[in-house]
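Fold and geometry: a report
This is what each chain is made of:
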Amino acid sequence: MEKWTQNDITDQKGKTAIVTGSNTGIGFYTAKFLAEKGAHVIMACRSRKKAEAAKARIVNDVPNASLELMELDLSSQASVKKFAQKFSKKYSTLDLLINNAGVMMCPFSRTEDGFELQLATNHFGHFTLTGLLLPKLMKIENSRIVSVSSMAARFGKIAFDDPNYHNRPYDKMKAYGQTKLANLLFGRELNRRLEEAGKSTIALIAHPGWTSTDLQRHSPIAKFMNLFFAMPTWKGSLPTLRAATDPEAQGGKYYGPGGRMEMRGWPVLVNPEVGRNAEAVNWPDAKRLWEMSEELTQTRYEF
């Protein structure tokens, strides 16, 4: 099997990267490995206390790491806009945006914007963030946007008539699957629109297979199954890092573990159209999701 590791990450000196949710899980190792290769990494996290602890851990291993903490609560559209404004005042360009942060199978909760919490955090927050930062990204030749999806996208379905559970019973697993399919559809549609506009910026998607992370704290079954199936967290970050840094990576492509059922293994190019995705991953739904997201977040992209 092809073995692409963190040692294959190209030199990132001079580049600025934002990694959302980088205080824990695969986001932490994504930030760490990028910093090891010389990138200036902005750790965009909801909890400053946890982010400071994560930064200290990285600096302990990578003394010369260039890291910056910025508070970002993706479940809040106001927080996303505040983050984008603060970043834009300080930086004129952005090389890499990694939409990593998320919540998984949590109890039902509705945000201040009226969105179901998982959809608000995993998709709508990143949709708005990417739209606000896109002008900075498009100033850099071959800049990249990586959206982190999941194997859960395979059972996902976008409930266009009621995405935020106003009129149907809440199912935390189906709600999570919806958000991860949204991540996949968003990445593909974003890349299509970038290509159509003639931009060199590309959008890619990755998934970590079955990786042990703090995301699984709301799922006792998943935590138990980690003992048998899960990859270590650092290895789960590699599909994201390959999508973000491999010179051969192409826009709209999907990276995940190359082992059986894509649960484990070194990162390779995978086919998103498997299982239920053969029906779910289609251009009409991607376009419809985009238009719904624009309407609900009041975010308009300028290409």
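Our structure's up above, just so we're on the same page.
Remember, it's a predicted structure, so these values are computed and weren't measured experimentally. (Residues numbered from 1 in each chain as written. Predicted model: local features only at pLDDT ≥ 70, side-chain atom pairs only at ≥ 80, totals over all residues. Heavy atoms only, no water.)

1. Things to note about the environment of threonine 240
Put simply, the rule reads: Secondary structure elements follow DSSP: runs of H or I no shorter than four residues count as helices, runs of E no shorter than two count as strands, and numbering proceeds from the N terminus. Contact between two residues is taken to exist if any of their heavy atoms lie within 4.5 Å; hydrogens are not considered.
Within the secondary structure layout, threonine 240 lies in helix H8 (residues 238–245). Sequence-wise, threonine 240 and valine 62 are 178 residues apart; in three dimensions their C-alpha atoms are separated by 20 Å. Once you skip the residues sitting within four places of it in the chain, threonine 240 turns out to touch Ile26, Thr30, Ile98, Val146, Val148 and Ala206.

2. Focus: the side chain of serine 237
Note the following rule: Only protein chains enter the area calculation, which uses a 1.4 Å probe; residues under 20% of their type maximum are buried, those over 50% are exposed, and those in between are partly exposed.
The topology assignment puts serine 237 in the loop between helix H7 (233–236) and H8. Classification of serine 237 by relative accessible area gives buried; the value is 0%. Apart from the residues within four sequence positions on either side, serine 237 is in contact with Ile26, Tyr29, Thr30 and Phe33.

3. Quick notes on the packing of aromatic side chains
Each aromatic ring pair is specified by the distance between its two centres and by the angle formed by the two planes. This is how the line gets drawn: Here is the rule: rings of Phe, Tyr and Trp (six-membered ring for Trp) pair when centre to centre is within 6.5 Å. Planes less than 30 degrees apart are stacked, more than 60 are edge-to-face, and the remainder are tilted. Note on criteria: charge over ring means Lys NZ or Arg CZ within 6 Å of the ring centre, with the direction from the centre no more than 35 degrees off the ring normal.
For the coordinates displayed, the defined rule picks out 14 aromatic pairs. Relative to tyrosine 29, the ring of phenylalanine 28 has its centre 5.0 Å away and its plane inclined at 90 degrees; by these criteria the two rings are edge-to-face. On the accessibility criterion, phenylalanine 28 (2% relative accessible area) is buried. Look at phenylalanine 127 and tryptophan 290: their rings are 5.2 Å apart centre to centre, the planes differ by 75 degrees, and that puts the pair in the edge-to-face class. Taken together, the positions of phenylalanine 127 in helix H4 (residues 117–137) and tryptophan 290 in helix H10 (residues 283–297) put the pair 163 residues apart, joining distant regions of the chain. Here the two residues phenylalanine 127 and tryptophan 290 agree in accessibility, since each one is buried. One aromatic cluster in this structure is built from Phe127, Phe186, Trp290, Tyr301 and Phe303. Over the ring of phenylalanine 28 we find arginine 57, and its NZ or CZ is 4.0 Å from the ring centre. Lying across the ring of tryptophan 266, lysine 235 places its NZ or CZ 4.0 Å from the centre.

4. Topic: the state of the cysteines
The condition that has to hold: Throughout, a disulfide means two cysteine sulfur atoms within 2.5 Å of one another.
Per the counting criterion, the structure on display carries zero disulfides. Residue cysteine 45 stays outside any disulfide, its sulfur separated by 18 Å from that of cysteine 106, the closest cysteine. Of the residues examined, cysteine 45 reaches a relative accessible area of 2% and is grouped as buried.

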